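# Overview (structure and organization)
Chain by chain, the residues:
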Amino acid sequence: MSNTSASVALPDGRSLQARINGSVLTLALGDQPLTQLQGERASESGDKKGTRDSARDWHLQLVECDGERRLEAIWAACYWHFALYPDCHALHWRDLDIDAELLRSGLIANAQGASLRSLFWQLPEQWLRAPASAGYPQLFAVAGGVRYPQRPPTPKGEVYRRFDNRLGQWISLRTLDVDTDLERFNRWQNDPRVSAFWEETGSLEEHRAHLQKLDEDPHSLMLIGCFDDEPFAYFEVYWAQEDRLGRYYDAGHYDRGIHMLVGEAHRRGPHKVRSWLSALSHYLLLDEPRTQTLVSEPRADNDRMIAHLQRVGFCRLKEFDFPHKRAALMAMTREGFFDRCDLC
C-alpha cells in the first residue's frame, strides 16, 4: 500500500473513508473514525502456501477498534477489500477473538478467522431497500396442474442499490409504476432494435393494459434499472415454476426467471451489461435465499444476449421450442454466482 486517501460510497448515503499509510489502513464512516487495521496481501506477507488464489488474499489485524463497533469495523474492512479488489477472495484475520456473535454474523466463516468474499456478498442488509421475499411462509397453491408456493406481495419503490466501483456509478432497481413509466416503456418497446426480440410493439393504451395485467399478477415483478438514478432498462422477473417456462424443465419452487430490455442507447455496452446483469442477479438471490437457480430463455439466435449471460455465470442447458420462438434455456445457480462473485 502507498500513502494515500480514498473513499467508497455506501447505499445509505454515507461514505467509507480510508487513509492508507504503508501497511496501515484507517477507516472512517463519514467523519466518524471507525477502526485502524494492519494489512498486507498474502504474497507480501511471505505466505508460501503456493496457490494462485492465496496470493490474492489479505492478512489483516485490528489495531484500534471500539469493542462495541467490532462487527461494524469488520464489515467495513470486508467491504473495502472486496469492493476495491475484485480478485480478493478472502481476508485472514490475525489475533481476532472468534466468538459465536462473529460466526453467526456471516462475516467470519470459521474458527481460523477467515472472511470470505462468497459469504460477504450474501449478506443482504446494505443492498436491499425494500422488504424481501425471504421468510414468507410456505403455503402451496395449485393452478393449471402446477403445485407451487403462494407468492408474497410484490414490493413497491426502490428495492436494490449498490455503488459499482468499476463503473464509478450507482446501479439501482425500482419497481415499475404504470403511470410514471408508461411512456418510457412504450418508447422502448417501439424501438426497432428492441422489438426485433421482444415483439411487443403497441400503442400507449395497449401497453397500459399489458402493464396493469402484469402488475396484478403475483408471479411477476416489473423492475426499472437505473444508472445514477436515470432509468435505462426494463426487467421482467417471474417465478419460473408457474410460468410457461416451468413446463420445459424441472423448475424448483423458488427458481426465478428474467426478461431484459435496455431501452436507452447510451447505456448499452458490455461493461454496463456486466454491471446491471450482476446487480439484477444479486438482488434476486438476496431477496429470497430459497432461490437456488436463476433462468432466462432468450431467442436461440440472440447470440449477443447469450454471451452476456454466459459472462456472468449462466450456462446454456439446451434449446427448445416455445410456440412463438426457438429458445435457449440459460441457468445460473446460487452457488455458481456467489463462488465467482464479480461484484465490486
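All values reported here derive from a predicted model rather than from experimental measurement.

### Points about helix H4 (residues 178-189)
In this model H4 runs just 14 Å from its N-terminal to its C-terminal C-alpha over 12 residues, more than 12% under the 16 Å that 1.5 Å per residue would give. In this structure, the buried residues of H4 make contact with strand S11 (169-175), helix H5 (192-198), helix H6 (204-215), strand S12 (220-227), strand S13 (230-239) and strand S14 (256-262). Near the N-terminus of H4, the side chain that reaches the backbone nitrogen of Asp-179, with its oxygen 3.2 Å away, is that of Asp-177.

### Section: the sheet that holds strand S3 (residues 24-29)
Taken in spatial order, the 7 strands make up an open sheet running S1-S2-S3-S4-S5-S6-S7, and their pairing is mixed. Each having just a single partner strand, strand S1 (4-9) and strand S7 (114-116) make up the two edges of the open sheet. Pairs of neighbouring strands in the sheet enclose a mean axial angle of 30°, with direction left out of account. For strand S5 (residues 58-65) and strand S6 (residues 90-93), the ladder comprises 3 bridges, and the chain directions are parallel. Paired with His-59 across the two strands is His-92, which belongs to S6.

### Concerning the side chain of Ser-172
Of note, Ser-172 is situated in strand S11. Note on Ser-172: relative accessible area 3%, which makes it buried. Residues in contact with Ser-172, not counting those within four places in the same chain, are Glu-158, Tyr-160, Arg-161, Ile-224, Gly-225, Cys-226 and Asp-229.

### Comments concerning the packing of helix H7 (residues 270-287) against helix H8 (residues 303-311)
Following both chains from N to C, one finds H7 and H8 inclined at 55°, their axes separated by 10 Å at the closest point. With respect to H8, the element H7 is oriented oblique. In the crossing of H7 with H8, the sense of the turn from one axis to the other is right-handed. Contact residues: H7 offers Pro-270, Val-273, Trp-276 and Leu-277, while H8 offers Met-305, His-308 and Leu-309. Its residues placed into classes, the contact of H7 with H8 shows 6 nonpolar, 1 polar and no charged.

### Describing the packing of aromatic side chains
Enumeration according to the criterion identifies 20 aromatic pairs in this entry. On the basis of an interplanar angle of 75° and a centroid distance of 5.2 Å, the ring pair of Phe-163 and Trp-170 is categorised as edge-to-face. Considered together, Phe-163 and Trp-170 belong to a single accessibility category, that of buried residues. Where Tyr-248 meets Phe-320, the ring centres are 4.8 Å apart and the plane angle is 35°; that geometry is what we call tilted. Within this pair, whereas Tyr-248 is found in the loop between S13 and S14, its partner Phe-320 is found in strand S16 (residues 315-321), the two being separated by 72 residues in sequence. Tyr-248 gets classed as partly exposed once you look at its relative accessible area, which sits at 23%. Three or more aromatic residues link up through ring pairs in this structure, and these residues are Trp-75, Tyr-79, Phe-82, Phe-120, Trp-121 and Trp-127. Lying over the aromatic face of Trp-170, Arg-161 brings its terminal NZ or CZ to 5.4 Å of the ring centre. Its end group placed over the ring of Phe-322, Arg-244 keeps NZ or CZ at 4.5 Å from the ring centre.

### Describing the environment of Tyr-238
Along the chain, Tyr-238 turns up in strand S13. For Tyr-238 and Leu-221, which are 17 residues apart along the polypeptide, the C-alpha to C-alpha distance reads 6.2 Å.

### Looking at the pattern of salt bridges
In the structure shown here, the tally under the stated rule is 26 salt bridges. Its salt-bridge partner being Asp-229, residue Arg-161 comes within 2.4 Å of it at the nearest N-O pair. With Arg-161 in strand S10 (residues 158-164) and Asp-229 in the loop between S12 and S13, this residue pair connects regions lying 68 residues apart in the sequence. Where Arg-208 meets Asp-179, a salt bridge forms, and the shortest distance between an N and an O atom there is 2.9 Å. Here Asp-179 lies in helix H4 and Arg-208 lies in helix H6, a separation of 29 residues in the sequence. Accessibility expressed as a relative area gives 30% for Arg-208, which makes it partly exposed. For Asp-179, a relative accessible area of 61% puts it in the exposed group. When salt bridges that share partners are traced, they join Asp-12, Arg-14, Arg-69 and Glu-72 into one network.

The rules behind these values
Residues numbered from 1 in each chain as written. Predicted model: local features only at pLDDT ≥ 70, side-chain atom pairs only at ≥ 80, totals over all residues. Heavy atoms only, no water. Helix = DSSP H or I, 4+ residues; strand = E, 2+ residues; numbered from the N terminus. Expected span 1.5 Å × (residues − 1). Contact = heavy atoms within 4.5 Å. Polar contact = N/O pair within 3.5 Å; in protein donor to acceptor, adjacent residues only side chain to side chain. Pairing = 2+ DSSP bridges. Axes fitted to C-alpha atoms, helices over the stretch in contact; angles between N-to-C directions. Buried < 20%, exposed > 50% of the residue type's maximum accessible area, 1.4 Å probe, protein only. Parallel < 35°, antiparallel > 145°, perpendicular 65-115°, else oblique. Left-handed = near helix turned anticlockwise from the far one by under 90°. Nonpolar A, V, L, I, M, F, W, Y, C, P; charged D, E, K, R; others polar. Phe/Tyr/Trp six-rings, centres within 6.5 Å; stacked < 30°, edge-to-face > 60°. Lys NZ or Arg CZ within 6 Å of the ring centre and 35° of its normal. Salt bridge = Lys/Arg side-chain N within 4 Å of Asp/Glu carboxyl O.

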